[in-house]
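Listed here are the chains, written in short residue letters.
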Amino acid sequence: MSAAAIFAKELRAYFTSMLAYAVLSIFLVLSGYYFYTNLVFFVLMGGMDLPRGLWQYQFHDTRQILLFVIPFLTMRLFAEEKKLGTIELLWTYPVRDGALMFGKYAACLAVISLMLALTVVYPLLLARVYPVAAGPLVAGYVGLFLLAAAFAACGLWASSLTDSQLVAGTVTLGMLLFFWILTWNQAAASEWLIALLTPVSLFDRFHTFARGAIDLKDVVFLIVSSVFFLALTLFTLESRRWRGLT
Amino acid sequence: MITASNLTKVFGTVTAIDDVSFHVSAGEVVGFLGPNGAGKTTTMRILAGIFPPTRGAASIAGHDVLADPMGARRAVGYFPEYAPFYPDLSVEQYLRFVGCLKRIARRRRGSAVADVLTSCGLEEVARRLIGKLSKGYRQRVGLAQALLGDPPVLILDEPTTGLDPEQVVEIRRLIASFGGTRAVLFSSHILWEVEAVCSRVVVLDAGRVIAEGTPEALTAKLGAHHRIIVRVDAPRAAVLEALAEVEQIRTVEPGPDALRIVAETDDCEAGCRALAEAVQARGWTLLELRHEPLPLEEIFLRLLRRPQELKS
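Nothing here was measured: the structure is a model prediction, and the numbers come from that model.

## Here's the deal with the domain arrangement of chain B
Domain annotation of chain B identifies domain 1 (2-219) and domain 2 (226-293). Just the C-alpha atoms count here: the centres of domain 1 of chain B and domain 2 of chain B sit 44 Å apart.

Encoded structure:
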């Protein structure tokens, strides 16, 4: 019940602060622009192998936009409560830290889901003029959601570390960018380092989904990543027991 | 209702409170005094369930804060210093949210919110955003959230900080009205306020309880702290000299105005009698002889000063 109350309050905060509208519209404008250019590119140059071509590009581009917008959705979740001091009050109500965290995380995931759901309009538009197979799309969206959930968990943790939204947002963006470029420079990095980094790169796990397939290993990896960051968040919240409120 | 036994809290290398013990019974309003940094807020945070003590035990309405933290939190209403709030929620939305978190059943939530809106005088602003309210109203919202769900224990950390005198009086009246069956622990460093509201005080300094009891009992413990105001129709210097010789009187000082003299004694009645006799013996007329309890402020200062005095 308390997690549900936190969820409802956070969701309302997203929409009354206009943050959700701002993030949603920017996300839709950018992903719409990508869809348009990708479509034009494939119609002119690449033929119409949609799963191999158009959707793969589209999902990879959407992934990049998520990287930049999710820090804006997560940065205030705990940092604002810490700044206002309201977190101190929440800790005196019969609410467990876990319920507090899940309420906030779920509200963020709800906004992300809405954001992704609205992009379904692109394949629907295309389907009016050209047959679109649903399978690869489902795989791509599952991948996007799981990846976004891991991003959000990472951002939630950063937000629990500080009372500054700006710091929380910057740290999240930094971490996500780091996960992204981790495996870029394969030529320059030594082989053993690449072997070490590739398995933990959130982004490399996305390739299979974008190609239209769901690999259980990747699903498990992304869920474990989320759980890892949620555990760190919980640990950070609990650290007040020996650090006090700073 | 509130029991603290040998509470100690250590943050890293800093000992915030050390072996703090006290008790607050139902129906009591207890003042929690001490200079800034004495450990009042740390103690209150432990009692409110924000973090556990490093050593020692505390219980709220019979719920141990370590063994049954959720039970203890359910029994406590807490008001933190600088009443925090969500600026973009209305008073009513906020209180409903708190009611939900305090696990007040849905069908009783509406009436519970209405009750605290009434008792804290917030009906008129129920639909306004908290961020748009004056400081005094926000402070009342803070008290309302503590009161919501009718907890048997209230812990209020400096609820009158930053208010204008009129608002202070109102908040004080509210706090006094919270008494009744509840146990209230109320911290402040404004002493006349504590004196007006509390039946007993616990004094904390440098993380330790240095005194506990009613203001009168604290006075008695300090000894030599009955204050007698004397006014005699004779030259002041002569009167001061004459009264200083009286055996039962410890100190004699010129009073706050040109006419009166302040004497201090261990025994109020014997002191008064000896003073009256001394005045009469010299053929002067006694115009005023009045016993005045020591203001809490002064007891407090003396308590704080005493350890150093003892050391030196």
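## Focus on the pairing of strand S13 (residues 260-265) of chain B
Residues and elements named next belong to chain B. Burial of S13 is one-sided: the residues Ile261, Ala263 and Thr265 facing one way are buried, the residues Arg260, Val262 and Glu264 facing the other way are not. Bridge analysis of strand S11 (residues 226-232) against S13 gives six bridges, and the strand direction is antiparallel. From the neighbouring strand, arginine 231 faces S13, where its bridge partner is arginine 260. One ladder, built from five bridges, connects strand S12 (residues 249-254) with S13; its direction is antiparallel. Its bridge partner being in S13, proline 254 is matched across the sheet by isoleucine 261. Linking S12 back to S13 in an antiparallel pair, the connection comprises five residues.

## Looking at unusual backbone geometry
Of note, aspartate 19 of chain B is a non-glycine position whose phi angle comes to about 60°, a positive value. With respect to the element layout, aspartate 19 of chain B can be found in strand S2 (residues 14-24).

## A closer look at the sheet that holds S12 of chain B
Residue and element names in this part refer to chain B. Strands sit in the order S12-S13-S11-S14 across an open sheet of four strands; the sheet is antiparallel. Looking at the sheet topology across the chains shown, the edges are occupied by S12 and strand S14 (286-292). On average, each strand axis in the sheet is tilted by 20° relative to the strand beside it, whichever way the strands run. Relative to the sheet, helix H9 (residues 236-244) contacts S11, S12 and S13, its axis offset from that of S12 by approximately 170°.

## Concerning helix H8 (residues 134-161) of chain A
The end-to-end C-alpha distance of H8 of chain A is 41 Å, a good match for the 40 Å that 28 residues give at a rise of 1.5 Å each. Counting buried positions along H8 of chain A gives 21 out of 28 residues, so the element sits mostly inside the fold.

## Comments concerning helix H3 (residues 54-74) of chain A
Each α-helix winds once per 3.6 residues, and so residues spaced three or four apart point in a common direction. When the terminal C-alpha atoms of H3 of chain A are compared, their 30 Å separation across 21 residues agrees well with the 30 Å that a helix rising 1.5 Å per residue should span. Taken as a whole, H3 of chain A carries its principal kink of about 35° at phenylalanine 68 of chain A; the proline proline 71 of chain A stands between one and four residues after it.

Reading guide: rules and limits
- Residues numbered from 1 in each chain as written.
- Chains lettered and ligands numbered in written order.
- Predicted model: local features only at pLDDT ≥ 70, side-chain atom pairs only at ≥ 80, totals over all residues.
- Domains from an automatic or database assignment.
- Buried ≥ 20, exposed ≤ 12 C-beta atoms within 10 Å, placed from the backbone.
- Helix = DSSP H or I, 4+ residues; strand = E, 2+ residues; numbered from the N terminus.
- Pairing = 2+ DSSP bridges.
- Axes fitted to C-alpha atoms, helices over the stretch in contact; angles between N-to-C directions.
- Contact = placed C-beta atoms within 7 Å.
- Expected span 1.5 Å × (residues − 1).
- Bend = angle between axes of the 7 residues up to and from the residue.

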